[in-house]
Number of protein chains: 2
Amino acid sequence: MVDEVKEVTEKVADLDVKGDAQEDDGTEVDPWDVKGKVDYGKLIKKFGCQAITDEHVTRIERCTGMKAHHFLKRKTFFAHRDLDQILEAKEKGQPFYLYTGRGPSSESLHLGHLVPFMFTKYLQDAFKVPLVIQLTDDEKVLWRSLGIEEAKRLARENAKDIIACGFDIDRTFLFQDFEYVGGKFYENINSIQRSVTLNQARGIFGFKGEDNIGKVAFPAVQASPALPDTFPHIFGDNKKVRCLIPCAIDQDPYFRMTRDVVPKLGYHKPALIESVFFPALQGDSGKMSSSDPNSSIFVTDTRKQIKTKINKYAFSGGQDTLEEQREKGANLDVDVPWKYLNFFMEDEEKLAEIGEAYSSGKMLTGEIKAILIDVLADMVERHQRARALVTDEIVDAFLARRPLSL
Amino acid sequence: MVDEVKEVTEKVADLDVKGDAQEDDGTEVDPWDVKGKVDYGKLIKKFGCQAITDEHVTRIERCTGMKAHHFLKRKTFFAHRDLDQILEAKEKGQPFYLYTGRGPSSESLHLGHLVPFMFTKYLQDAFKVPLVIQLTDDEKVLWRSLGIEEAKRLARENAKDIIACGFDIDRTFLFQDFEYVGGKFYENINSIQRSVTLNQARGIFGFKGEDNIGKVAFPAVQASPALPDTFPHIFGDNKKVRCLIPCAIDQDPYFRMTRDVVPKLGYHKPALIESVFFPALQGDSGKMSSSDPNSSIFVTDTRKQIKTKINKYAFSGGQDTLEEQREKGANLDVDVPWKYLNFFMEDEEKLAEIGEAYSSGKMLTGEIKAILIDVLADMVERHQRARALVTDEIVDAFLARRPLSL
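- For chain A, an unreviewed UniProt entry supplies the name Tryptophan--tRNA ligase, cytoplasmic and the organism Chloropicon roscoffensis.
- If you open the UniProt record of chain A and go to Subcellular location (unreviewed entry), you find "Cytoplasm".
- Under the UniProt heading Sequence similarities (unreviewed entry), the entry covering chain A gives this text: "Belongs to the class-I aminoacyl-tRNA synthetase family."

1. Quick notes on the interface of chain A and chain B
(1) Moving on: Tallying the contact residues gives 36 residues for chain A and 36 residues for chain B.
(2) Moving on: Around 3,000 Å² of area is buried between chain A and chain B when both sides are counted, 58% of it from carbon and sulfur atoms.
(3) Moving on: A per-residue breakdown of the area chain A buries against chain B is headed by A:Tyr186, A:Arg194 and A:Ile213, which together make up 25% of the total.
(4) Moving on: Our enumeration of links across chain A and chain B arrives at two salt bridges.
(5) Moving on: Counting across the chain A and chain B interface gives 22 residue pairs in polar contact (both at pLDDT 80 or more).

2. Structural notes on the pairing of strand 6 (residues 131–135) of chain B
Residue and element names in this part refer to chain B.
(1) Moving on: Most of strand 6 sits inside the fold, with five of its five residues counted as buried.
(2) Moving on: Burial along strand 6 is two-sided: Leu131, Ile133 and Leu135 facing one way and Val132 and Gln134 facing the other are all buried.
(3) Moving on: When strand 5 (residues 96–102) meets strand 6, the two strands line up parallel, connected through five bridges. Each residue of the ladder has a partner; that of arginine 102, found in strand 6, is leucine 135.
(4) Moving on: With respect to chirality, the unit in which strand 5 leads through helix 6 (residues 111–127) into the neighbouring parallel strand 6 is right-handed.

3. Observations concerning the relation of the copies chain A and chain B
(1) Moving on: Once chain A is rotated about the relating axis by 180° and shifted along it by 0.0 Å, it coincides with chain B to within an RMSD of 0.0 Å. Such a combination of turn and shift is consistent with a two-fold rotation axis. For chain A, the minimum C-alpha distance to the rotation axis belongs to A:Gly182 and amounts to 2.2 Å.
(2) Moving on: Interface residue correspondence from chain A to chain B reaches 100%, placing this contact among same-surface, isologous pairings.

Calculation notes
- Each residue is numbered by its place in its chain's sequence as written, counting from 1.
- Chain letters start at A and ligand numbers start at 1, both assigned in the order the entries are written.
- Residues qualify for local features only when their pLDDT is at least 70, as the model is predicted, and side-chain atom pairs are given and counted only at 80 or more; totals for whole chains, interfaces and linings, by contrast, use all residues.
- Water and hydrogen atoms were dropped before computing side-chain values, which therefore reflect all heavy atoms in the structure.
- UniProt positions are given in the numbering used here, feature names are shortened, and annotations may be inferred rather than shown by experiment.
- We call two residues contacting when some pair of their heavy atoms lies within 4.5 Å.
- Reported buried area values correspond to the accessible surface (1.4 Å probe) lost by two parts on association, with both partners' losses combined.
- Whenever a carboxyl oxygen of Asp or Glu lies within 4 Å of a side-chain nitrogen of Lys or Arg, that contact is scored as a salt bridge.
- Polar contacts, as used here, are pairs of N or O atoms within 3.5 Å; protein pairs need one atom able to donate a hydrogen and one able to accept it. Residues neighboring in sequence count only if both atoms are side-chain atoms.
- Categorising residues by exposure relies on relative accessible area from a 1.4 Å probe, with only protein chains included: less than 20% of the type maximum marks a residue as buried, more than 50% marks it as exposed, and the intermediate range marks it as partly exposed.
- Elements are defined by DSSP. Helices are runs of H or I of four residues or more, strands are runs of E of two residues or more, and each kind is numbered from the N terminus.
- Note: two strands are recorded as paired if DSSP finds a minimum of 2 bridges between them.
- With the strands pointing away from the viewer, any crossover whose connection runs clockwise from the first strand over the helix to the second is right-handed.
- Least squares is used to superpose the copies, and the fit set is the C-alpha atoms of residues whose pLDDT is at least 70 in both copies.

Here it is as structure tokens:
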């Protein structure tokens with residue numbers, strides 16, 4: 001079975017795609033809401049994390065022997081906690097593992113959802129380490145009017161999109177909470193819940209009296225996979241394997257809490273590597289939203305739909321008239337097509353040329369949009385071809401509790 | 001295996017013992033604290049439950065074809081919720097099941113801990129229904145400075161004392177949360193957590209900001225076994241099997257919450273049958289406490305220890321001098337030996353004679369204490385003989401996930 005799965009996932013990996021960075025400026029970030037233009041410099045200070053530096057990028061290239069992902073070079077992943085300790089572990093030949101996840105609230109993912117998975121796949125390939133991926137179907141029941149069966153079904157559907165990103169079956173364990181909570185996982189949830197007071201949880205997550213008690217308890221469910229012995233089939237009862245969590249910056253509160261709590265339980269603090277948000281088509285109003293189909297490009301969209309959405313909704317920093325554009329050029333700071341290209345166009349030279357031409361007025365909005373449409377449609381079509389290869393049997397193989405290559 | 005277990009548990013059942021009622025008057029009752037003299041009449045009004053009547057006792061005798069337990073006749077179990085619906089179900093030949101439990105906080109049980117199990121065994125024998133017994137090892141970690149491994153070990157130790165009460169292996173499923181939470185149980189915990197707000201939980205249980213978030217979430221863990229499909233190996237996905245919960249009245253808040261929540265999830269409200277508290281040796285200051293060895297008789301005490309504790313600590317309603325006692329007689333309302341006899345002396349006539357003689361001054365404190373010492377020591381020795389028969393294999397057999405006789 002594993003061999004057959006590998007054959008398919010290798011095919012999937014061949015279809016793999018890469019991405020790019022942008023900047024922003026604003027306020028109000030928690031795991032459920034991002035409001036206003038985000039100032040990432042301020043966010044780093046507010047959250048107390050550190051910036052990713054060029055030295056980090058060089059060090060990562062040196063210790064993996066691979067070129068850094070453009071998400072790193074362009075600082076799409078711009079912030080970290082304890083990344084240096086992970087790199088030091090790698091340099092000393094000590095093991096670590098990756099942990100990321102998704103709340104399966106919708107049928108299909110949008111491009112913003114793909115970003116952490118694309119980056120995690122790069123990290124797995126570069127560092128050759130085990131990866132655990134949590135599907136928080138339980139969270140989605142607590143936060144949304146979603147039935148349990150529907151949440152479980154969406155988790156499996158989303159798993160297919162995740163697997164389509166090309167993860168290595170020998171090094172990847174996928175789990176959905178409704179199936180996997182129990183045993184050591186439940187014990188770790190209990191230990192973490194015991195270590196966090198209601199006051200602390202309210203301070204970190206802003207829970208209100210009218211929130212349900214499941215929400216109040218949930219942070220421990222998202223925290224536990226940062227403890228290696230939550231996965232006895234992978235790590236046995238080893239508490240000392242370090243964990244690196246690639247995620248968007250809005251998930252930081254969960255892991256700030258985790259980092260406060262776990263040392264006294266005998267674990268290392270998990271390290272984090274955190275990305276900016278993927279902007280909505282309409283611009284800097286924050287993350288893309290699954291609930292507004294016109295705010296996002298979905299991985300299920302056709303080339304024609306992508307073309308329509310980009311032409312109709314993608315906020316342009318170009319000037320109002322041809323004459324003005326030729327004269328003043330586009331404002332790249334607010335231009336969504338330019339931001340999207342920074343996420344998904346791999347070719348550094350070509351990207352620089354486009355930036356130069358568009359900002360100087362040599363290139364028009366329609367032209368950059370046409371380039372973007374091709375980049376996105378190619379990427380989405382490749383994703384769709386990969387996802388079509390992911391059968392229920394392959395999902396089961398990734399969900400199976402089994403040892404991984406360490 | 002089941003046959004061998006049955007042989008032993010039948011032996012255990014032969015060793016079985018029964019108990020008795022008393023009354024009280026006071027305040028402050030929640031699942032963790034009982035303070036002051038309890039007024040059970042007021043408690044019924046405050047909690048909104050109903051009194052057990054003589055009609056209930058007669059109806060139970062009629063529909064089970066068995067004499068009622070003296071816990072019922074003497075109103076040791078004095079309050080209920082929806083007991084009539086359970087009896088109606090029984091009369092119509094519809095199934096129901098029993099659910100009780102224990103928080104394994106100490107190595108050995110005291111006599112007060114035995115009361116609900118002795119009564120539950122009677123109910124199982126009389127109604128011939130399945131029984132689930134929850135060992136909340138997780139609760140004890142959240143509330144006490146107890147490690148997880150220690151809580152799990154205590155759960156198994158306590159299981160032996162519970163099994164020694166003589167439960168029917170064909171109709172009894174025992175589970176400890178750290179082993180059993182997961183799957184449908186976790187789904188039901190999630191459904192209940194989703195239905196209870198932080199405000200509601202604080203209103204019912206009085207949680208404070210400094211309480212840990214596990215405590216806030218825990219009521220759903222104790223509520224879920226009142227939903228039959230928490231046990232797929234017993235009830236499949238049937239949501240409509242009624243549940244009757246025998247417990248001490250201090251557990252009422254958990255099930256008030258459960259009853260509020262579960263109808264909108266498609267279940268019947270669980271019914272309750274609730275006991276008074278077992279008094280401490282020192283008298284009406286509330287429940288016996290495991291933390292004060294001199295407040296309680298433990299099931300591990302020797303005849304000699306029981307004799308010393310009763311003679312030294314059991315609060316007496318007898319008069320200070322022989323002359324005064326002969327003249328005024330004892331005050332049964334505050335006399336602990338009399339209360340204990342009402343719990344554990346089965347013989348109605350003999351009990352009435354003792355009450356008459358002691359309250360009129362014909363019997364002295366030393367005499368009633370001597371009678372009590374014999375009753376308790378016989379009972380405790382019988383329990384110890386039964387417990388010695390309960391091997392780890394028998395515990396495993398009761399913990400095994402399997403169908404039960406319905």
